Amino acid sequence: MEFNEKTIKAKETMARHRRGISGREVDEDIQDDRLPPGQHIVNTWPVLDLGFKPEISLEDWRLTVDGLVDNPITWTWEDFQAQPPFASTSNFHCVTTWTQFDMAWEGVSFQHLLALVRPKPSARFLLFEAYDEYTTNLPLVACDDDDVLLAYKWNGKPLSKDHGGPVRMIVPKRYGWKGAKWVKKITFSEKDQKGFWEVRGYSNTALPWDDDRHG
Ligand SMILES: Nc1nc2c(c(=O)[nH]1)N[C@H]1C(S)=C(S)[C@@H](COP(=O)(O)O)O[C@H]1N2
Ligand SMILES: [Mo]
């Protein structure tokens, strides 16, 4: 698949120079103790992707969770909707320096998913694959947290295609690129396997409070 190389180059440059996506979205340099180092606040949620937004009908949508788990699953939209509802409000930090506070998410709690699939003791890392062929990786311990979810609603409305609908991952304690939009598959492994931005020099840990942008 052809990625939009221009978009990718621009994003790499922005992250390197720690500039925002667009100056127009910056309100002011407000001081707020919820704002990690090098970040600024936006009120208009920017859209970031590889220059391609996959269209997935709810009928065709599937989420597969496999690898080192006792109970691998493939959910249809109906299966996904049948899970206990979960809501969580958190702050979203993008490596390109924008932060948006108080994002109200609804979906399926990742801890609920973990309880269902039951990772084997050897499972330590997760690889997320998306419908646009984007990938990203995280340690299992980072996903086993009470603010991590598979989100399908934002501010009470279905998540738009631009922002990763039908379903995306939200991992508030890591930079935004660790949350796969249009998530399709999650694989549990013994070994870490780097994703799209991680192999291109982004930090593997991606911790906003450590200003941890590049590896
Ligand atoms: N599938 C997929 N997920 C993705 C991306 C992408 O290009 N494809 N971009 C990542 C990046 S770099 C960020 S900052 C957030 C942006 O989410 P947003 O477009 O909803 O703001 O999604 C992340 N998840
Ligand atoms: Mo990003």
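Now for a look at the structure at hand. (Residues numbered from 1 in each chain as written. Chains lettered and ligands numbered in written order. Predicted model: local features only at pLDDT ≥ 70, side-chain atom pairs only at ≥ 80, totals over all residues. Heavy atoms only, no water.)

**A word on the overall build of the chain**
Within the chain, the regular secondary structure consists of four helices and 11 strands. Here the chain, with 215 residues, has 50% of them falling under the buried criterion. When contacts within the chain are restricted to residue pairs at least 6 apart in sequence, those whose partners lie at least 24 apart make up 69%. (Helix = DSSP H or I, 4+ residues; strand = E, 2+ residues; numbered from the N terminus. Buried < 20%, exposed > 50% of the residue type's maximum accessible area, 1.4 Å probe, protein only. Contact = heavy atoms within 4.5 Å.)

**Some points on the sheet that holds strand β3 (residues 73–75)**
With mixed pairing, five strands are arranged side by side in an open sheet as β3-β2-β11-β6-β7. The sheet is open, and its two borders are formed by β3 and β7 (135–139), each paired with just one other strand. Adjacent strand axes in the sheet meet at a mean angle of 15°, parallel and antiparallel pairs treated alike. Pairing between strand β6 (residues 125–130) and β7: five bridges, direction antiparallel. Across the sheet, the residue bridging to Leu 127 is Asn 137, located in β7. (Pairing = 2+ DSSP bridges. Axes fitted to C-alpha atoms, helices over the stretch in contact; angles between N-to-C directions.)

**Brief notes about the packing of aromatic side chains**
Scanning the entire structure with this criterion turns up 16 aromatic pairs. Ring geometry for Trp 61 and Phe 80: centres 5.3 Å apart, planes at 65°, overall edge-to-face. Of the two residues, Trp 61 sits in the loop between β1 (40–41) and β2 (63–67) while Phe 80 sits in helix α2 (residues 77–81), which places them 19 residues apart along the sequence. Taken as a pair, Trp 61 and Phe 80 share a single burial class, namely buried. A ring pair is formed by Tyr 134 and Phe 196, whose centres lie 6.0 Å apart and whose planes are at 35°; its orientation type is tilted. With Tyr 134 in the loop between β6 and β7 and Phe 196 in the segment after β11 (183–189), this pair connects stretches of sequence that are 62 residues apart. Both residues of the pair, Tyr 134 and Phe 196, belong to the buried class. An aromatic cluster is defined as three or more aromatic residues linked by ring pairs; in this entry it consists of Tyr 134, Tyr 175, Trp 177, Phe 196, Trp 197 and Tyr 202. The cationic tip of Arg 34 hangs over the ring face of Phe 101; the distance from NZ or CZ to the ring centre is 3.9 Å. A cation over a ring is seen here: Lys 184 above Tyr 131, with NZ or CZ 5.4 Å from the ring centre. (Phe/Tyr/Trp six-rings, centres within 6.5 Å; stacked < 30°, edge-to-face > 60°. Lys NZ or Arg CZ within 6 Å of the ring centre and 35° of its normal.)

**Points about the nonpolar core**
Grouped together as the largest cluster of nonpolar side chains are 32 residues, with contacts concentrated most on Phe 80, Phe 110, Leu 113, Phe 128, Leu 150, Ile 186 and Phe 188. Elements that contribute at least two residues to this core include exactly β2, β3, α2, α3 (110–117), β6, α4 (140–143), β8 (149–154) and β11. Broken down by element, the residue count for this core peaks at four residues, all from α3. Once residues lying within four places of it in the same chain are set aside, the contact partners of Ile 186 are Leu 63, Thr 64, Val 65, Asp 66, Phe 110, Leu 113, Leu 126, Leu 127, Phe 128 and Leu 150. Val 42, Trp 45, Trp 177 and Phe 196 belong to the second-largest nonpolar core, a separate cluster that totals 23 residues. (Core = buried A, V, L, I, M, F, W, Y, C linked by side-chain atoms within 4.5 Å.)

**Things to note about the side chain of Asp 132**
Mapping Asp 132 onto the fold places it in the loop between β6 and β7. Here the side chain of Asp 132 touches Tyr 134 through a polar contact of 3.0 Å, landing on its backbone nitrogen. (Polar contact = N/O pair within 3.5 Å; in protein donor to acceptor, adjacent residues only side chain to side chain.)

**Thoughts on the environment of Lys 120**
Looking at the secondary structure, you find Lys 120 in the loop between α3 and β6. Measuring from C-alpha to C-alpha, the distance between Lys 120 and Ser 189 comes to 9.3 Å, with 69 residues separating the pair along the chain. When near neighbours in sequence (up to four residues on either side) are disregarded, Lys 120 contacts Leu 68, Val 69 and Asp 70.

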